[in-house]
Structures are given as C-alpha cells and as structure tokens.
Amino acid sequence: MLKNNLKRLGVIAGLSLTLIAAGCGSDDNADSKDATDSNGSDVNYSEEVGYTITGIEPGAGVFKAAENAVEEYDLDGWDVQASSSGAMASALGAAIDNEEPIIVTGWTPHWKFAKYDLKYLEDPKGVFGEAETINTMAREGFSSDHPNAAKLLEQFNWTTDDIENVMSKISDGATPEDAAVEWIEENEDKVEAWKDGVEEGSDSIELVYVEWDSEVSSTNVVGQVLTDLGYDVKITSLDNAVMWQTIANGDADAMVSAWLPATHGDLYEDFKDEIEELGTNLDGAKIGLVVPEYMDIDSIEDLEAK
Ligand code: PBE
C-alpha cells in the first residue's frame, strides 16, 4: 500500500519534472544540482538532508566507502553519521513514512528493497566498487580438524532471493533462530545439496559474524544446518575488523560474511595469509548510497558541498 502510493507520487513528480524541463529550454541547467519537486519549487537535497549520510557501524566497508565518496566527490562539510544497521533502517523507514529525503549507506541483499521503493545513487567514480561476492572463510587448520563441517561450509551457496527471504522474516518480527528454522524447512532441496556427502558430527564449532541483517541471516541458517547435523554450534557477533582478526588468530572457526573484492578488501589483504578460503556463498552483492525512489536525484555527482 505504502509502496504503491509512493510509486505513484514518484511518477507524478517525474512527470511534472519532464513538463517543466520541456517548457524551460536547454539553457536552464545552471543550477542542475537542484532538483525540482512536484510543486515546481526547487529542492536542494544536500541541504535538506543536512549534508548528512545516515551511516551504520563505522567498521563496515560501506561506511568507509561512504567516507571515501565524500572525499572523492568533494562533498566538503558532509558527515557520514556513525550508527547501527538497525538504526539506519529505522531512520529510513521514518523518512519514508514522512516522505522526507534521506541518504543511507545501503547494500544488497537487504530486505529494505522489498519493503520500500529505493534506488542506488549512480557512482561514476566507482568509489563503491562493482557487484561483489560474499565468501566463507575459516581459521587455518579448520578443514583438517573438522572436514565434514568444512565441507558443509564449502557447499553452502544461495541466492539474494534466498537470503532476502530470511531477512524479511526477521524484519517482520521472527527471531533469527526461528527464521532460519523456517527457511530450512521451506528449502529442503537446497539444504540437502549443501549436506551432500557431509557426515554428522558432534564437534564444537564457533561461527563469528557482524550484526548486519544479511549476516545475521546467513550465519543463523548455516549454524542451524550444522546444529541439525549434530554439531555443537556457537555463534558470536563481533565488530567487522575483530571478526576477521578472530578468524586469522584461530580464536573462532569460520565466518560467512566476507564481502569481496572491495567492501572488505583491506581486511582481506591484512589477513589472507592466515585464513582458509572456503569459497563463495552468494553472488550479486552490492554496496552504495541508497535513497527513496521519490527523491528526484540519480547520482552522487548531484550532491553539493556545504
Ligand atoms: N554491509 C553488510 C557490510 C558487509 C555486509 C554491507 C553492511 C559492510 O559494509 O562491511
């Protein structure tokens, strides 16, 4: 309902913009950075969002990339506000309820794209990188210590639709544990393929992750599959850099949260010699600056310094 109304609003705004543009001729681009809203008045989105990008945890790759974008696009006076993934999502939801402009650090897969009409701002300078993969990493020695659990983790691979399905259940109120159990029940074939040739076991396995919606979902699902196979699984949430460090130190066994090549590229370079790579678990991940569709702006280049 909300989504439809907003879509309609976007269409109206887009239409009136086209009419205005048609009536004004082409020499009217002096202030092209100011969009025009549906009432025909100028909207300076940079000013309206208070020269602020609503960020998440400062340890996240997308947070650091947003800070780089401020630099690369000469957005002097802009602030990338440190927050949490949950608080970012609440701020986004509140802005959309009030049809206000907002710019957030966003990523795919994420349930917000199913719930709201959103778009990535174009990034002609490529600060946020291209499409990425999410990868599974383990401590050195993990595969020889726990060959069956390692095989399961190696075979763990799913799609953005799969993970977004789990994320949506959680954002609709399910606990991560319940959402994982439910998804596993609904996707027997996929889970059977991950378990192919994997023997049951009772070893203790510690998985580490960060409290991002995508990683909460993947870690709970894979943890639950291991639990169902008899393993004694503990999952622990950490800061991003600490998660990588903990795997490299051998203080935890594995994680399914390595976004590469760009988002966690710096951490990968730091730790790649001390970890076992267990392959890709998801294709088509992406990070960037995300805005509601009703904002009449397309590119990071349309933003202005303070
Ligand atoms: N994220 C979700 C993470 C990776 C997973 C995009 C918030 C990050 O930016 O590091």
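For the structure, see preceding data.
Before going into details, it helps to say that this report is about the structure given with it. This is a predicted model, so every value here is computed, not measured. (Residues numbered from 1 in each chain as written. Predicted model: local features only at pLDDT ≥ 70, side-chain atom pairs only at ≥ 80, totals over all residues.)

All right, on to the overall build of the protein chain then. When its secondary structure is counted, the protein chain shows 13 helices and eleven strands. With 306 residues in all, the protein chain has 42% of them scored as buried. (Helix = DSSP H or I, 4+ residues; strand = E, 2+ residues; numbered from the N terminus. Buried ≥ 20, exposed ≤ 12 C-beta atoms within 10 Å, placed from the backbone.)

All right, on to helix α9 (residues 176-186) then. What α9 keeps buried is the set Pro176, Ala179, Ala180 and Trp183. Each buried residue of α9 lies within a common arc of 100° when the element is viewed along its axis, so the set occupies one face. Looking at the buried side of α9, the elements it contacts are α8 (160-171) and α11 (213-228). (Arc of directions from axis to C-beta. Contact = placed C-beta atoms within 7 Å.)

Let us now look at the nonpolar core. Counting residues in hydrophobic clusters, the biggest one holds 85 residues, and the most contacted among them are Ala66, Ala138, Leu153, Ile247 and Met255. Residues lining this core come from more than one domain, with at least three contributed by each of domain 1 (2-124 + 288-302) and domain 2 (132-285). In this structure Ala138 touches Ser143, Ala150, Leu153, Ile247, Asp253, Ala254, Ile275, Glu276 and Leu278, once residues within four positions along its chain are discounted. (Core = buried A, V, L, I, M, F, W, Y, C linked by C-beta atoms within 7 Å. Domains from an automatic or database assignment.)

This brings us to the environment of Ser204. For Ser204, the position within the fold is in strand β8 (residues 204-209). Its 12 C-beta neighbours within 10 Å are what place Ser204 among the exposed residues. Linking Ser204 and Gly230, residues 26 residues apart in sequence, is a C-alpha distance of 9.6 Å.

The buried fraction of strand β7 (residues 132-139) amounts to seven of the eight residues, a majority that puts the element mostly inside the structure. Alignment of β7 against strand β11 (residues 275-292), held across seven bridges, turns out to be antiparallel. Each bridged residue has a counterpart across the sheet, and for Glu132 the counterpart in β11 is Ala285. Of the pairings in the sheet, the one linking β7 to strand β10 (residues 254-260) comprises five bridges and is antiparallel in character. Directly across from Asn135, in β10, lies its bridge partner Ala258. (Pairing = 2+ DSSP bridges.)

On to the packing of α8 against α11, then. Helix-helix packing is described using two parameters, namely the angle between the two axes and the distance between the axes. Put simply, α8 and α11 touch, their axes get as near as 9 Å, and they point 105° apart. Considering their axes alone, α8 and α11 lie roughly perpendicular with respect to each other. Between α8 and α11, the contacting residues are Ile163, Val166, Met167 and Ile170 on the first element and Asp213, Ser214, Val216, Ser217, Ser218 and Val221 on the second. Taken together, the residues of the contact of α8 with α11 sort by class into six nonpolar, three polar and one charged. (Axes fitted to C-alpha atoms, helices over the stretch in contact; angles between N-to-C directions. Parallel < 35°, antiparallel > 145°, perpendicular 65-115°, else oblique. Nonpolar A, V, L, I, M, F, W, Y, C, P; charged D, E, K, R; others polar.)

Here the focus is the pairing of β8. Bridge count for β8 against strand β9 (residues 232-237) is six bridges, and the pairing is parallel. Along β9, the bridge assignment pairs Val208 with Thr236. Read as a crossover between parallel neighbours, the route from β8 over α11 to β9 is right-handed. (Right-handed = clockwise from strand over helix to strand, strands pointing away.)

Our focus in this paragraph is the environment of Asp253. Considering the arrangement of structural elements, one finds Asp253 in the loop between α12 (240-249) and β10. The buried category is assigned to Asp253, around which 24 C-beta atoms lie within 10 Å. Between the C-alpha atoms of Asp253 and Ala150, which are 103 residues apart in sequence, the distance is 9.7 Å. Ignoring any residue separated from it by four or fewer positions in sequence, one finds Asp253 in contact with Ala138, Arg139, Phe142, Ile205, Glu206 and Leu207.

Because each turn of an α-helix spans 3.6 residues, side chains separated by three or four positions end up pointing in the same direction. For helix α4 (residues 85-97), which comprises 13 residues, the first-to-last C-alpha distance of 18 Å matches the rise-based estimate of 18 Å (1.5 Å per residue) to within 8%. Of the surrounding elements, those touching the buried residues of α4 are β3 (52-54), β5 (104-108), α5 (112-115), α11 and β11. Backbone geometry just downstream of α4 places Glu99 in the positive-phi region, at approximately 50°. (Expected span 1.5 Å × (residues − 1).)

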